[in-house]
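Read off the chains here:
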Amino acid sequence: VVVREAEAISGSDGLIPYLDNPSNMTCLVLVAGKLDLRKRLFLALKSRATEVLFSALNDSQTTLWMKEMARTLGITLSPEALDYLKERLGNDLYQIRNELEKISLTMTGTRKIEAKDLQALLTGERGHSVFEWLDSVRSRDQEKAFRLLRLLLDSGEHPLSLLGLLLSSLRRAARSAHPGRQDSTAGPLSRHTGSSLESSQQDLIKSFALCLEADSRLKGSRLSPQLILEGLILDLCRIGENLQEVNVGPGQRRIRPAD
């Protein structure tokens, strides 16, 4: 017997005697979003029942769950594909499983899925990829980045989803960074410049700060999302130049390339 929204139960004294002598042929399951342990029923349940918590998975737990689910379905997701799936579906495990099952049924030949393949499978689009846009930002190709940004926004890509994928790329760069080690893929904008990890650490910090500001503006500014993201592209492409901090309000700083 499953009782949902158990937190809304009123007049629960009738259940308390039952808990002292429950039916040996019944499994009673009370499902509640939030328990008020001041109520007599839940005080009684605490000593007479088994409590199981089902908290939402955090980001790293969701990634591990997705990898395991994909493995059971016989497919492998690249790190970029994992990031794209999380940005698209969040931590809705039911929806993620449904999409992975559909992807598994449509895959033939190789079972390793890259981000560009995942985008086409989820949206049915074979046009420009968000990862082409990321590459254009990394290579400081402003003209291409602007053009792809307009195409992606026109095709229905959500601005915050694009920013989220960019942040995922930065997080991977930060996790892979080790002082003194040379790696051409480590920095967010050093992929095509060959700069060392040591010289890219400050660039990563500045890139995160710029993305944080863009996130705040996308959620609270009257400016168009395209204009905000274009400004972010300009700033990111100038990372490594002489930068200065500009105050924009109490407790806030705006990092801008110096004129």
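Note on numbering: residues in each chain are counted from 1, in written sequence order. Predicted model: local features are reported for residues with pLDDT of at least 70 only, side-chain atom pairs are reported and counted for 80 or more only, and whole-chain, interface and lining totals are derived from all residues. Side-chain metrics rest on all non-hydrogen atoms present in the structure, leaving aside hydrogens and water.

## Re helix α8 (residues 142–154)
Helix and strand assignments follow DSSP, with helices taken as H or I runs no shorter than four residues and strands as E runs no shorter than two, numbered in order from the N terminus. Multiplying 1.5 Å by the helix residue count minus one yields the expected span of that helix. Taking 1.5 Å of rise per residue, 13 residues should cover 18 Å, and α8 covers 18 Å from first to last C-alpha, within 8% of that figure. Of all the positions in α8, only Ala145, Phe146, Leu148, Leu149, Leu152 and Leu153 are classed as buried. Two residues or fewer past α8, Gly156 is found with a positive phi of approximately 110°. Burial status follows relative accessibility: with a 1.4 Å probe on protein chains alone, a residue under 20% of its type maximum counts as buried, one over 50% as exposed, and anything between as partly exposed.

## Topic: the pattern of salt bridges
A carboxyl oxygen of Asp or Glu within 4 Å of a side-chain nitrogen of Lys or Arg is what we treat as a salt bridge. Applying the stated criterion across every chain, the model contains 7 salt bridges. Between Glu99 and Lys102 there is a salt bridge, with the nearest N and O atoms lying 3.3 Å from each other. Placement of the pair is Glu99 and Lys102 together in helix α5 (residues 93–106), with a separation of 3 residues, close to one helical turn. You can call Glu99 buried: its relative accessible area is 16%. Given a relative accessible area of 46%, Lys102 falls into the partly exposed group. Of the charged contacts, one joins Glu230 and Arg150 as a salt bridge, the two residues approaching to 3.9 Å between their closest N and O atoms. Of this pair, Glu230 sits in helix α11 (residues 225–237) while Arg150 sits in helix α8, placing them 80 residues apart in sequence. The class of Glu230 is buried, set by a relative accessible area of 16%.

## So, helix α2 (residues 40–48)
If you check which residues of α2 are buried, you get Leu41, Phe42, Ala44 and Leu45. When α2 is viewed along its axis, its buried side chains cluster within an angular range of 155° and face the same direction. What points out from α2, more than 90 degrees from its buried face, is the exposed set Arg40, Lys46 and Ser47. Close packing links the buried residues of α2 with α1 (15–20) and β2 (29–30). This arc is taken over the directions from the axis of the helix to the C-beta atoms. The contact criterion used is simple: two residues touch if any of their non-hydrogen atoms lie within 4.5 Å.

## Notes on unusual backbone geometry
Positive phi outside glycine occurs at Glu5, with the angle close to 50°. Secondary-structure assignment places Glu5 in the loop between β1 (2–3) and α1. Residue Arg140 is not a glycine yet carries a positive backbone phi of 60°. Looking at the element boundaries, Arg140 is found in the loop between α7 (130–138) and α8. Given a relative accessible area of 30%, Arg140 falls into the partly exposed group.

## Overview of a nonpolar patch on the surface
Taken together, the side chains of Val2, Val29 and Val31 make up a nonpolar region of the molecular surface, amounting to roughly 200 Å² of accessible area. As for its position among the elements, Val31 is in the loop between β2 and α2. Like charges are joined within 9 Å and nonpolar side chains (Val, Leu, Ile, Met, Phe, Trp, Tyr) within 5 Å, but only among residues with over 30% relative accessible area and no salt bridge; these make up the patches. Each accessible area is a Shrake-Rupley estimate made with a 1.4 Å probe; only the visible protein chains count as cover when residues are assessed.

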